[in-house]
Amino acid sequence: MKADRHAKIVIIGAGAVGCAIAYHLARMGERDVLVLEKAQITHGSTWHAAGLVGQLRGKRALTRLMQNSVAVFDRLGAESGMATDWKKVGSLRLAASEARWSEIRRSIQLAKSFGFEAHQVSPAEAKRMFPHIDPKGVVGAAWIPSDGYIDPYAVTTAFAASARKGGVRIEEGVTVTAIPVAGRRALGVVTDHGTIAAEIVVNAAGYWARRVGAMAGVPVAAGVVEHQYFVTEKGLDFPADLTTLRDPDHNFYLKPDVGGSWAIGGWEEGTRAPWNQWPPFDFARELFPADMDRLELFALPAAERLPVLNEIGIKTVINGPIPVSADGEPIMGLAPELDNFYLACGFTAGIAASGGAGEAMANWIVNGDPGLDLWPFDTRRFGAPHARAAWLSARAVEAYAAYYKIHWPGEEKTAGRGLRRSPLYAPLKEAGAVFGSRFGWERANWFRSSDPDATDTPSFEGKPGWHGAVAAEVAAIRGGVALIDQSSFSKFELKGPGARAALDRIAAAAMPEAPGRAIYTQLLNARGGIEADLTILSRGEDDFLIVTGSGFGVRDAGWIGRQLPKGLALRDVTNAFAVLNLCGPRAREVLAGVTDADISNAAFPFLAARDIAVGMAEALAVRVGYVGELGWELYVPVDYGAHVYEVLKAAGAAAGIRDAGYRAIESCRLEKGYLYWSADISPETTPAEAGLGFAVAMDKGDFTGRAALAAAGAPSRRLVTLSVAGFAPFLSGETVLHAGRPVASLTSAGYGHHLGRTIGFCYLPAALAGEQGFTIEAFGTAYEAVRGPRCLYDARMERLKS
């Protein structure tokens, strides 16, 4: 690319997030940084944002990111020499229903496990903190003293001023028109003011991020929708330190504003997704006309809670475009398609997140790691289908309206459904499947045929409506035979000279010596942390099939692909194979009735992989599974999938074969002690900590992460299994106490239907990992928990290997 000039790092977009990234890069000593803004600083959605700052999220790392923002806001004014109007007045969140109160109490419990200060308060205390509210119907509230609000324009200009002091250049009125790419690298940017070569390009373009990503061939699932709030007339009487207020049951938030006024907004149903997700670049510091019908959806409920609103008028209505991703969470990290193109977009709460997100992105760019486990924000959780306008619009509108809805455990999205269907979708639907969605796939969660009285009703503190159906499916898995559609597995081929050697350098386990074997392994980072948890099947000399979770394919394929030598490349074969898991103690009996292959334990042992006939079709049969029973995963060309399903159902009828779904898998894997990446294991955990040392081959030669494992001493913490007799409302994140002191939080939790116990995993300090006397707190109740073996079911693997 012929360039007019050069910058090491080019950031596209000078909103709060883009300027915060520049600010943190400057603090880390990066001087050759150029920020390009097509209009002026803040002229995307930053300038019309409300500026509320809330920190508590559902994961420790995400809460830490928001806390990091507050830490930046605390110092930024003095550091920049500019007023940011940061008001650390706290936040009050009301609960006006029992379900909401359960959700709030759970969030406060999570805060306790994170070491984050949050308090339950009574309706009377809430009234004292915010005297204008009518407490009618209020059950309780959450009080977070370190929350507050900040002026969006002021904080962004303070970021920019500090960045400039550190040597960053910010150019306004410069529009990026193209991003030339060669191989896996963005070469720089073409603008209406010339061409700039760059070593790193950062897309922080707000609600234009999808358009900017397309310039580089990178699909970005960041959409745009309309968001409204109004500012009351001045003259309200309230103290200068009045807290911010959120009443999600009445669907509104409130921020004190200048001159005795309030800014009040909400997250109403039916917002508009403009421009078919392709916003024009010439739209800058502009707004849409007010939509009073939509405004009423939160303004009228707000007036019920705040009767004084009936006595004061509306001064201004703000209706502007804001970014919303396909799941409502930000999109951060290195784009999987390129080696030097970063994304920092989709921030619905961009002002609140800016300080922490800027720091994480700067760490990612400079050090190759954000410093936090940010998987729920990671760009690799999405794929190309999620960036298509129709699907993105539907999901963005749903995510917007869900912002203040109760987020039930196990809830499923309803928009954009039916996108990807296995060849078994129709017969499973006919069999009573209740589907969920993962990475666009329709997957059976449970079956109405398992319990006609079951409902798809989640619960915080009680048994969910599907409890009985899942119990029946687990009973079939543990005592008979079940069939599970797992076609949504992400599947990749790696074949060619050097494939085995390459995988041995990437994976922690040793590749099979001969074809026809499967191995379970982790992929580690340089620190020894677990980046992926997957299965690799050896089909022939230098011919491998790599299988991972439905939602982890983009991430895991990228991790492997970046480490492959020239001449080798992964091929995505996810859509080429249906996968049927035939499992349970009678699985061999059923499979033997439809194949002429010898599937005895001697001929077909655990972890063996063979091509066999199933009915009139051929399948790659693999003796593995995620439920801890005798079974086979059958990889079948998609056009034969329905036939194989029908043959197995017919052959298993006499054995009482039952369809089972993913909720039954979850119950069984907890009983078996199987771990789930992103919950129980992550880039922040090592195999030794997680009890996965058996899957690491330290003697095979060098592999990614080996040096860190070799240098590490005994782990300071260990994953253990705790359980409680009977049903307890554990959902993950609950605080674990020992001698009355918080020592851990649950990484996964749920009910083990076969064992009749509620099970949770947690990382305990090594000194406590062998102790007893633990309690687990959930919704104000302390449950006595027993520390058992890591594997509560078939610990000797006798059933699995039978």
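**So, the overall build of the protein chain**
Part 1 of the reasoning: Of the regular secondary structure elements, the protein chain holds 18 helices and 39 strands.
Part 2 of the reasoning: On C-alpha atoms alone, the protein chain measures out to a radius of gyration of 27 Å, which is about the 28 Å that the 2.2 N^0.38 rule sets for 802 residues.
Part 3 of the reasoning: The 802 residues of the protein chain split such that 62% are buried.
Part 4 of the reasoning: Restricting to contacts in the protein chain with at least 6 residues of sequence separation, those with at least 24 account for 74%.
Part 5 of the reasoning: When the accessible surface of the protein chain is summed, it comes to about 28,900 Å², and 52% of that surface belongs to carbon and sulfur atoms.
Part 6 of the reasoning: Counting 82 positive and 86 negative side-chain charges, the protein chain places the centres of these two groups 3 Å from one another.

**Concerning the packing of helix α11 (residues 467-479) against helix α16 (residues 662-672)**
Part 1 of the reasoning: At their nearest, the axes of α11 and α16 sit 9 Å apart, and the two run at 60 degrees to each other. By the criterion of interaxial angle, the relationship of α11 to α16 is oblique. In terms of crossing hand, the pair formed by α11 and α16 is right-handed. Contacts between α11 and α16 involve V470, E473, V474, I477 and R478 from the former and R663, A664, S667, C668 and E671 from the latter.
Part 2 of the reasoning: Residue composition of the contact of α11 with α16, grouped by class: five nonpolar, one polar and four charged.

**Describing helix α9 (residues 389-401)**
Part 1 of the reasoning: The end-to-end C-alpha separation of α9 is 18 Å, in line with the 18 Å expected for 13 residues at 1.5 Å each.
Part 2 of the reasoning: Among the 13 residues of α9, 10 are classified as buried, and the element is accordingly described as predominantly covered.
Part 3 of the reasoning: What α9 keeps buried is the set A389, W391, L392, S393, R395, A396, E398, A399, Y400 and A401.
Part 4 of the reasoning: On its buried side, α9 packs onto α6 (209-215), β14 (222-232), β18 (314-325) and β21 (433-438).

**Some points on the pairing of β21**
Part 1 of the reasoning: Most of β21 is tucked away, with five of its six residues classed as buried.
Part 2 of the reasoning: Joining the antiparallel neighbours β21 and strand β22 (residues 441-447) is a turn of two residues, in which F439 adopts a positive phi near 55 degrees.

**Things to note about the sheet that holds strand β35 (residues 735-738)**
Part 1 of the reasoning: Taken in spatial order, the six strands of this closed barrel run β34-β37-β36-β35-β38-β39, and their pairing is antiparallel. Adjacent strand axes in the sheet meet at a mean angle of 40 degrees, parallel and antiparallel pairs treated alike.
Part 2 of the reasoning: Relative to strand β36 (residues 741-752), β35 is paired through four bridges, and the arrangement is antiparallel. From the neighbouring strand, H738 faces β36, where its bridge partner is R741.
Part 3 of the reasoning: Sheet strands in contact with helix α3 (residues 98-114) are β35, β36 and β38 (774-778), and its direction is about 55 degrees off that of β35.

**Observations regarding the environment of G81**
Part 1 of the reasoning: Secondary-structure assignment places G81 in the loop between α2 (60-80) and β4 (91-95).
Part 2 of the reasoning: Classification of G81 by relative accessible area gives exposed; the value is 67%.
Part 3 of the reasoning: Each C-alpha atom of the pair G81 and G166 lies 14 Å from the other, and the pair is 85 residues apart in sequence.

**Examining the packing of α2 against helix α5 (residues 152-165)**
Part 1 of the reasoning: Close contact between α2 and α5 brings their axes to 10 Å; oriented N to C, the two are set at 60 degrees. Viewed along their axes, α2 and α5 adopt a mutual orientation that is oblique. When you trace α2 past α5, the crossing you get is left-handed. Contact with α2, carried on its side by V72, F73, L76, E79 and S80, involves V155, A158, F159, S162 and K165 of α5 and no other residues of that element.

**Topic: the packing of aromatic side chains**
Part 1 of the reasoning: Enumeration over the complete set of coordinates arrives at 26 aromatic pairs.
Part 2 of the reasoning: With a centroid separation of 5.4 Å and an interplanar angle of 75 degrees, the aromatic rings of W375 and W677 are classed as edge-to-face. With W375 in the loop between α8 (350-367) and α9 and W677 in the loop between α16 and α17 (687-690), this residue pair connects regions lying 302 residues apart in the sequence. Each member of the pair W375 and W677 is classed as buried.
Part 3 of the reasoning: Within the aromatic cluster, the residues linked to one another by ring pairs are Y207, W208, W275, F283 and F288.
Part 4 of the reasoning: One Lys or Arg, R272, reaches over the ring of F288 and ends 5.3 Å from the middle of that ring.
Part 5 of the reasoning: Between R478 and the ring centre of Y793, over which it is positioned, the NZ or CZ distance is 3.9 Å.

**Observations regarding the nonpolar core**
Part 1 of the reasoning: I11, I21, L65, F159 and M332 are the most contacted members of the largest nonpolar core, which totals 53 residues.
Part 2 of the reasoning: In this view, F159 contacts A16, C19, A20, Y23, V72, F73, L76, S354 and G355; residues no more than four positions away in its chain are not counted.
Part 3 of the reasoning: Counting 36 residues, the second-largest nonpolar core is a separate cluster that includes A186, I196, A222 and V224.

**Observations regarding the state of the cysteines**
Part 1 of the reasoning: Within this structure, the stated rule accounts for zero disulfides.
Part 2 of the reasoning: Summary of cysteine pairing: C583 is not part of a disulfide, and the nearest cysteine sulfur, belonging to C668, is at 7.4 Å.
Part 3 of the reasoning: The buried category is assigned to C583, whose relative accessible area is 1%.
Part 4 of the reasoning: Note on C791: no disulfide assigned, nearest cysteine sulfur contributed by C668 at a separation of 12 Å.

**Comments concerning the sheet that holds β18**
Part 1 of the reasoning: Reading across the sheet, the eight strands line up as β5-β6-β4-β15-β16-β17-β14-β18 and stay open at both edges, with mixed pairing between neighbours. What marks the edges here is a single partner per strand, and that holds for β5 (119-121) and β18. Here the strands of the sheet are splayed against their neighbours by 25 degrees on average, with no regard to which way each runs.
Part 2 of the reasoning: When β4 meets strand β6 (residues 140-144), the two strands line up antiparallel, connected through five bridges. Each bridged residue has a counterpart across the sheet, and for S91 the counterpart in β6 is I144.
Part 3 of the reasoning: In the packing of α3 onto the sheet, contacts are made with β4, β5 and β6, and the angle to β4 comes to roughly 140 degrees.
Part 4 of the reasoning: Helix-sheet contacts for helix α7 (residues 292-305) involve β4, β14, β15 (244-247), β16 (252-257), β17 (261-265) and β18, and the interaxial angle to β14 is about 50 degrees.

**A short note on the pattern of salt bridges**
Part 1 of the reasoning: One pass over the structure, following the stated rule, counts 46 salt bridges.
Part 2 of the reasoning: Among the ionic pairs, E777 bridges to K112, the shortest N-O distance being 2.9 Å. Note that E777 is positioned in strand β38 and K112 in helix α3, a separation of 665 residues in sequence.
Part 3 of the reasoning: We classify K112 as partly exposed; its relative accessible area is 37%.
Part 4 of the reasoning: Across the pair D369 and R527 runs a salt bridge whose closest N-O atoms are separated by 3.3 Å. With D369 in the loop between α8 and α9 and R527 in the loop between β25 (517-524) and β26 (530-540), this pair connects stretches of sequence that are 158 residues apart.
Part 5 of the reasoning: Relative accessible area serves as the criterion here: at 44%, R527 is assigned to the partly exposed category.

**Considering α2**
Part 1 of the reasoning: Between its first and last C-alpha, α2 extends 29 Å over 21 residues, near the 30 Å set by a 1.5 Å rise per residue.
Part 2 of the reasoning: Immediately downstream of α2, the backbone of G81 shows phi near 75 degrees, a positive value.

**Quick notes on the environment of A613**
Part 1 of the reasoning: With respect to the secondary-structure elements, A613 resides in strand β30 (residues 609-614).
Part 2 of the reasoning: Judged by its relative accessible area of 30%, A613 is partly exposed.
Part 3 of the reasoning: For the pair A613 and S600, spaced 13 residues apart in sequence, the C-alpha separation works out to 15 Å.
Part 4 of the reasoning: Setting aside anything within four residues of it in sequence, one finds A613 in contact with V594, T595, D596 and E618.

**Quick look at the pairing of strand β29 (residues 577-583)**
Within a regular beta strand, the side chains point alternately toward one face of the sheet and then the other, so they alternate between its two faces.
Part 1 of the reasoning: For β29, a buried count of seven out of seven residues is recorded, marking the element as mostly surrounded by other parts of the structure.
Part 2 of the reasoning: Of the two faces of β29, the one carrying F577, V579, N581 and C583 and the one carrying A578, L580 and L582 are both buried.
Part 3 of the reasoning: Of the pairings in the sheet, the one linking strand β23 (residues 482-485) to β29 comprises four bridges and is antiparallel in character. Looking across to β29, one finds that L483 is bridged to L582.
Part 4 of the reasoning: Taken together, the seven bridges between β29 and strand β32 (residues 631-637) define a ladder with antiparallel strand orientation. When the sheet's bridge partners are listed, N581 is paired in β32 with E633.

Rules used throughout
- Residues numbered from 1 in each chain as written.
- Predicted model: local features only at pLDDT ≥ 70, side-chain atom pairs only at ≥ 80, totals over all residues.
- Heavy atoms only, no water.
- Helix = DSSP H or I, 4+ residues; strand = E, 2+ residues; numbered from the N terminus.
- Rg over C-alpha atoms; globule rule 2.2 N^0.38 Å.
- Buried < 20%, exposed > 50% of the residue type's maximum accessible area, 1.4 Å probe, protein only.
- Contact = heavy atoms within 4.5 Å.
- Areas by Shrake-Rupley, 256 points an atom, 1.4 Å probe, with all protein chains shown as cover.
- Lys, Arg positive; Asp, Glu negative; His and termini not counted.
- Charge placed at Lys NZ, Arg CZ, Asp CG, Glu CD.
- Axes fitted to C-alpha atoms, helices over the stretch in contact; angles between N-to-C directions.
- Parallel < 35°, antiparallel > 145°, perpendicular 65-115°, else oblique.
- Left-handed = near helix turned anticlockwise from the far one by under 90°.
- Nonpolar A, V, L, I, M, F, W, Y, C, P; charged D, E, K, R; others polar.
- Expected span 1.5 Å × (residues − 1).
- Pairing = 2+ DSSP bridges.
- Phe/Tyr/Trp six-rings, centres within 6.5 Å; stacked < 30°, edge-to-face > 60°.
- Lys NZ or Arg CZ within 6 Å of the ring centre and 35° of its normal.
- Core = buried A, V, L, I, M, F, W, Y, C linked by side-chain atoms within 4.5 Å.
- Disulfide = S-S within 2.5 Å.
- Salt bridge = Lys/Arg side-chain N within 4 Å of Asp/Glu carboxyl O.

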